Amino acid sequence: MVPNIFSAGLDITEFYQKKPEETDAFWRTLQDVFLRLYGSKLVTIAAISGHSPAGGCLLAMACDYRVMATGKYTIGLNETLLGIIAPFWFIETMKNTIGHRETEKSLQLGKLYSPEQAENIGLVDQICPPDDVLGCARKEMVKWLKIPDHARILTKQLMRNELINNLSSKRKEDIYNFTSFVQKDSIQRSLGLYLESLKKKKS
Ligand SMILES: CC/C=C\C/C=C\C/C=C\C=C\CC(=O)SCCNC(=O)CCNC(=O)[C@H](O)C(C)(C)COP(=O)(O)OP(=O)(O)OC[C@H]1O[C@@H](n2cnc3c(N)ncnc32)[C@H](O)[C@@H]1OP(=O)(O)O
């Protein structure tokens with residue numbers, strides 16, 4: 001577990017100034033990771049040790065339960081702030097987590113929530129001091145593991161299969177949409193500026 005950062009989201013350099021076949025392969029891998037995690041028969045608990053923007057938020061939402069560290073961290077789908085858009089399965093996953101209305105506001109504004117705000121809207125289930133995040137996640141895991149596995153798994157599948165089947169049937173189209181979107185000159189310019197701004201913030 002890395003302190004302060006759960007995940008900085010997708011590595012933008014993987015789709016900045018890359019060839020279409022490279023961005024295709026990158027997106028296919030992301031789809032694989034998501035489908036595996038969201039559809040996992042295992043109990044999955046995200047111990048969110050720090051910042052969790054965009055793709056990081058998606059990974060956390062793909063789990064069954066989320067524990068987030070308190071502190072000056074943020075979580076959310078901030079794609080619009082980067083001049084890009086969240087694909088349909090990011091949107092559906094967020095709707096399944098916090099509901100339609102909150103998702104609509106959240107996505108249009110590219111909102112990044114503090115741990116307390118995230119807990120209030122149900123984006124995370126629990127907040128804990130940073131040095132106790134793993135402990136809280138473990139405690140919660142014990143509860144989940146007491147439930148008969150077959151019943152829990154079937155229930156999870158009933159709740160999640162619609163989205164899994166939808167994405168599985170549209171994978172090629174989704175890859176095509178991603179690559180054609182990120183290859184646009186205007187999007188490449190936005191991504192370049194965003195990467196520069198991250199570096200400037202650091203210096
Ligand atoms: C029709 C539609 C069809 C399809 C859909 C189309 C498009 C969807 C496309 C894409 C979806 C993307 C989702 C994403 O996940 S995009 C990534 C979003 N992530 C962020 O915005 C986070 C950016 N990072 C930060 O805010 C911070 O780094 C931090 C808060 C996570 C941590 O802060 P620190 O101060 O500790 O770290 P830094 O010093 O800022 O960063 C270190 C280093 O890393 C570089 N970097 C940071 N994040 C990223 C990243 N996500 N990708 C690439 N590079 C990143 C940063 O520039 C520094 O680099 P150097 O060490 O200076 O080289």
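Read on for a plain summary of the structure.

Cut-off values and rules
Residues numbered from 1 in each chain as written. Predicted model: local features only at pLDDT ≥ 70, side-chain atom pairs only at ≥ 80, totals over all residues. Heavy atoms only, no water. Near = heavy atom within 4 Å. Polar contact = N/O pair within 3.5 Å; in protein donor to acceptor, adjacent residues only side chain to side chain. Areas by Shrake-Rupley, 256 points an atom, 1.4 Å probe, with all protein chains shown as cover. Helix = DSSP H or I, 4+ residues; strand = E, 2+ residues; numbered from the N terminus. Buried < 20%, exposed > 50% of the residue type's maximum accessible area, 1.4 Å probe, protein only. Contact = heavy atoms within 4.5 Å. Salt bridge = Lys/Arg side-chain N within 4 Å of Asp/Glu carboxyl O. Disulfide = S-S within 2.5 Å. Core = buried A, V, L, I, M, F, W, Y, C linked by side-chain atoms within 4.5 Å. Pairing = 2+ DSSP bridges.

## Examining the site of the ligand
Alright, step 1. Around the ligand sit 26 residues in total, of which Ala-8, Leu-10, Gly-55, Tyr-194 and Lys-202 are the nearest.
Alright, step 2. Ile-12 has a polar backbone atom sitting 2.9 Å from a nitrogen atom of the ligand.
Alright, step 3. Gly-55 places a main-chain nitrogen or oxygen 2.9 Å from an oxygen atom of the ligand.
Alright, step 4. Burial of the ligand by the protein chains amounts to 76% of its free accessible area of 1,200 Å².

## Description of the side chain of Arg-160
Alright, step 1. You can see Arg-160 is positioned in helix 7 (residues 149-169).
Alright, step 2. Given the relative accessible area of 11%, Arg-160 is considered buried.
Alright, step 3. Every residue in contact with Arg-160, bar those within four places of it in the chain, is listed here: Tyr-38, Met-61, Ala-62, Cys-63 and Asp-64.

## Examining the pattern of salt bridges
Alright, step 1. Taken as a whole and assessed by the stated rule, the structure comprises 7 salt bridges.
Alright, step 2. One salt bridge in this structure joins Asp-64 and Lys-156, with 2.9 Å as the shortest N-O distance. Note that Asp-64 is positioned in the loop between helix 2 (55-61) and strand 4 (65-69) and Lys-156 in helix 7, a separation of 92 residues in sequence. The pair Asp-64 / Lys-156 is uniform in exposure class, with both members buried.

## Points about the state of the cysteines
Alright, step 1. Taken as a whole, this structure holds 1 disulfide when the rule is applied.
Alright, step 2. The disulfide bridge from Cys-128 ends at Cys-136, spanning 2.1 Å between sulfur atoms. Negative torsions about the S-S bond denote left-handed disulfides, and the value of about -105° found for Cys-128 with Cys-136 makes this one left-handed. In terms of burial, Cys-128 and Cys-136 fall into one category: buried.

## Focus on the side chain of Lys-156
Alright, step 1. Judged by its relative accessible area of 10%, Lys-156 is buried.
Alright, step 2. A distance of 2.9 Å separates a polar side-chain atom of Lys-156 from the backbone oxygen of Ser-40.
Alright, step 3. Not counting residues up to four positions away in its chain, the partners in contact with Lys-156 are Tyr-38, Ser-40, Leu-42, Thr-44 and Asp-64.

## A closer look at unusual backbone geometry
Alright, step 1. Its identity as a non-glycine residue notwithstanding, Asn-4 has a phi of 75°, on the positive side.
Alright, step 2. The topology assignment puts Asn-4 in strand 1 (residues 4-5).
Alright, step 3. A positive phi angle is found at Ala-54, which is not glycine, with a value near 45°.
Alright, step 4. Its location among the elements puts Ala-54 in the loop between strand 3 (50-53) and helix 2.

## What to know about the environment of Glu-119
Alright, step 1. The topology assignment puts Glu-119 in helix 5 (residues 115-121).
Alright, step 2. Note on Glu-119: relative accessible area 32%, which makes it partly exposed.
Alright, step 3. Taking the C-alpha atoms as reference points, Glu-119 and Val-67, 52 residues apart in sequence, are found 9.2 Å from one another.
Alright, step 4. Residues within four places of Glu-119 in sequence aside, it is in contact with Val-124, Asp-125, Gln-126 and Ile-127.

## Examining the nonpolar core
Alright, step 1. Within the largest apolar cluster, 51 residues are counted, with the highest numbers of intra-cluster contacts made by Trp-27, Phe-34, Val-67, Ile-75, Trp-89, Phe-90 and Leu-123.
Alright, step 2. Apart from residues no more than four positions distant in its own chain, Phe-34 is found in contact with Gly-39, Leu-58, Ala-62, Trp-89, Thr-93, Leu-163 and Leu-167.

## Focus on the sheet that holds strand 5 (residues 75-76)
Alright, step 1. Strand order across the open sheet formed by 3 strands is 1-3-5, with parallel pairing between neighbours. At either margin of the open sheet sits one strand with a lone partner, and together these are strand 1 and strand 5.
Alright, step 2. In this structure, strand 1 lies alongside strand 3, joined through 2 bridges in parallel fashion. By the bridge assignment, Ile-5 is partnered in strand 3 with His-51.

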